[in-house]
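Notes for the structure review
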Amino acid sequence: MTLTLLFAAGDEALDAYQLPLITELRKAGLDARIVTDAPPETVDYILYAPSGPLTDFTPFTRCKAVLSLWAGVERIVSNPTLTQPLARMVDPGLTQGMIEYVTGHVLRHHLGMDAHIHARPGAWRPIEPPLAQERIVGFLGLGQLGQGCAQALQALGFQVIGWSSTPKVLPGIACHHGPEGLKSVLQAAEILVTLLPHTPQTESLLNETRLAQMREGAVLINPGRGALIDEPALLDALDRGQIAHATLDVFRAEPLPADHPFWHHPRVTVTPHIAATTRAASAARVIANNIARVETGETLQHEVSRDHGY
Ligand code: NDP
Ligand code: OXD
């Protein structure tokens, strides 16, 4: 029987995904058609992104799983109409992109590149940066992306510490959990990278109290979600120099409004939610393999926990 896959991630995404999906579904031995419209009761799987049109999952009575093209699922996970299993995106291309973004921005601050890029002509100021092994980089979130980035920086020689919900043992990385663990990471990190999902527990995690626990002059890099940060508290910490610089990729409102103070703050770098995008070629493989698993009675991979919200 031909499977019906409803592509509910927007027309722009369809242009990028159609061919890779057809190729990978075939390779996985699946007979499937990709549609953007179909009677809901005929749909077997939904490919979802928040940019797509779908908000009511109730009529999709035959649907065996909703597969998110995004890693972050905060805009769908608490949808009360969603009774079908939900898988988030874990894509090698996306992980690689995040590793490159985080490594690049960590190295910018570690090496003090700005001082040279913005130097006045004639200003010859040789400043010796510390070596990686003399620099502590902290991660809030040690999941698919946090772990990938932490391991890449550890391989470059950085002292890497991290914090997650559950205890972890990762070679060469000092792993913490719980409230005391969070405090330890905040107090130690010279460069802090936030790769947590947005959940009720992580909402405004970096508030006035926690920002004050960070090292004087620390750098914050946030490619996780804007809602992890209490914005007025961060602006205050930046104004005082408690936080030397914030590189922010994600925001409570996106696109970041033109009059938002982050745009003009001398200690803020704004990037427009480009830290890592799901790559159609590798993501199509992940989706096809996950559907093939369900079709052969195996468990859905990367299933989101409704209790945890990620
Ligand atoms: P994962 O689900 O793999 O990892 C999440 C990590 O956060 C885990 O280590 C988890 O702990 C930890 N965590 C969650 N809640 C808490 C909590 N309350 N306290 C402590 N630790 C917590 O997600 P990914 O690594 O794949 O992605 C992380 C986020 O990155 C996404 O949710 C999304 O918001 C963002 N993202 C941003 C992109 C961009 O372009 N800017 C692109 C893709 C994703 P544990 O391991 O113990 O469960
Ligand atoms: C994602 C993102 O969650 O792009 O995949 O932020």
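Provided above is the structure to which this section pertains.
Note that the structure is a prediction, hence the values are computed from the model and not measured.

So, how was this worked out
- Residues numbered from 1 in each chain as written.
- Chains lettered and ligands numbered in written order.
- Predicted model: local features only at pLDDT ≥ 70, side-chain atom pairs only at ≥ 80, totals over all residues.
- Heavy atoms only, no water.
- Near = heavy atom within 4 Å.
- Polar contact = N/O pair within 3.5 Å; in protein donor to acceptor, adjacent residues only side chain to side chain.
- Areas by Shrake-Rupley, 256 points an atom, 1.4 Å probe, with all protein chains shown as cover.
- Helix = DSSP H or I, 4+ residues; strand = E, 2+ residues; numbered from the N terminus.
- Nonpolar A, V, L, I, M, F, W, Y, C, P; charged D, E, K, R; others polar.
- Axes fitted to C-alpha atoms, helices over the stretch in contact; angles between N-to-C directions.
- Parallel < 35°, antiparallel > 145°, perpendicular 65-115°, else oblique.
- Left-handed = near helix turned anticlockwise from the far one by under 90°.
- Contact = heavy atoms within 4.5 Å.
- Buried < 20%, exposed > 50% of the residue type's maximum accessible area, 1.4 Å probe, protein only.
- Pairing = 2+ DSSP bridges.
- Right-handed = clockwise from strand over helix to strand, strands pointing away.

Around ligand 1 lies a shell of 30 residues, among which Arg88, Thr166, Lys168, Pro223 and Tyr310 are the nearest. Glycine 143 is positioned such that a nitrogen or oxygen atom in its backbone is 3.0 Å from an oxygen atom of ligand 1. In the model, an oxygen atom of ligand 1 is placed 2.6 Å from a nitrogen or oxygen of the tyrosine 310 side chain. Its free accessible area being 940 Å², ligand 1 has 90% of it covered by the protein chains. Only helix H2 (92-111), helix H4 (144-155) and strand S7 (159-164) provide two or more residues apiece to the shell around ligand 1. It is H4 that provides the largest number of residues to the shell around ligand 1, a total of three residues. For the shell around ligand 1, the class distribution of residues is 14 nonpolar, twelve polar and four charged.

Moving on, we come to the packing of H2 against H4. The contact between H2 and H4 brings their axes to 9 Å, and the two run at 50°. Of the possible angle classes, the one that applies to H2 and H4 is oblique. Note on packing geometry: the crossing formed by H2 with H4 is right-handed. Judged by residue contacts, Leu94, Thr95, Met98, Ile99, Val102, Thr103 and Val106 of H2 engage Gln144, Leu145, Gly148, Cys149, Ala152 and Leu153 from H4.

All right, on to the environment of leucine 94 then. With respect to the element layout, leucine 94 can be found in helix H2. Owing to a relative accessible area of 6%, leucine 94 belongs among the buried residues under this scheme. Residues within four places of leucine 94 in sequence aside, it is in contact with Ala71, Leu145, Ala276, Thr277, Thr278 and Arg279.

With that settled, consider the sheet that holds strand S5 (residues 86-87). Reading across from one edge, S2-S1-S3-S4-S5 is the order of the five strands in this open sheet, with parallel pairing throughout. The open sheet has two edge strands, strand S2 (32-35) and S5, and neither has a second partner. Where strand S1 (residues 3-8) lies against strand S3 (residues 45-48), four bridges are found, and the strand directions are parallel. In the sheet register, alanine 8 faces S3, and the bridge partner there is tyrosine 48. Sitting on the sheet, helix H1 (residues 11-27) touches S1, S2 and S3, and the angle it makes with S2 is about 175°.

Moving on to the pairing of strand S11 (residues 243-248). Along S11, five of the six residues are buried, which leaves the element largely enclosed by surrounding structure. One ladder, built from five bridges, connects strand S10 (residues 218-222) with S11; its direction is parallel. The residue of S11 that forms the bridge with alanine 218 is isoleucine 243. Running through helix H7 (residues 231-239), the crossover from S10 to the neighbouring parallel element S11 is right-handed. Relative to strand S12 (residues 268-270), S11 is paired through three bridges, and the arrangement is parallel. What sits directly across from alanine 246, in S12, is valine 268.

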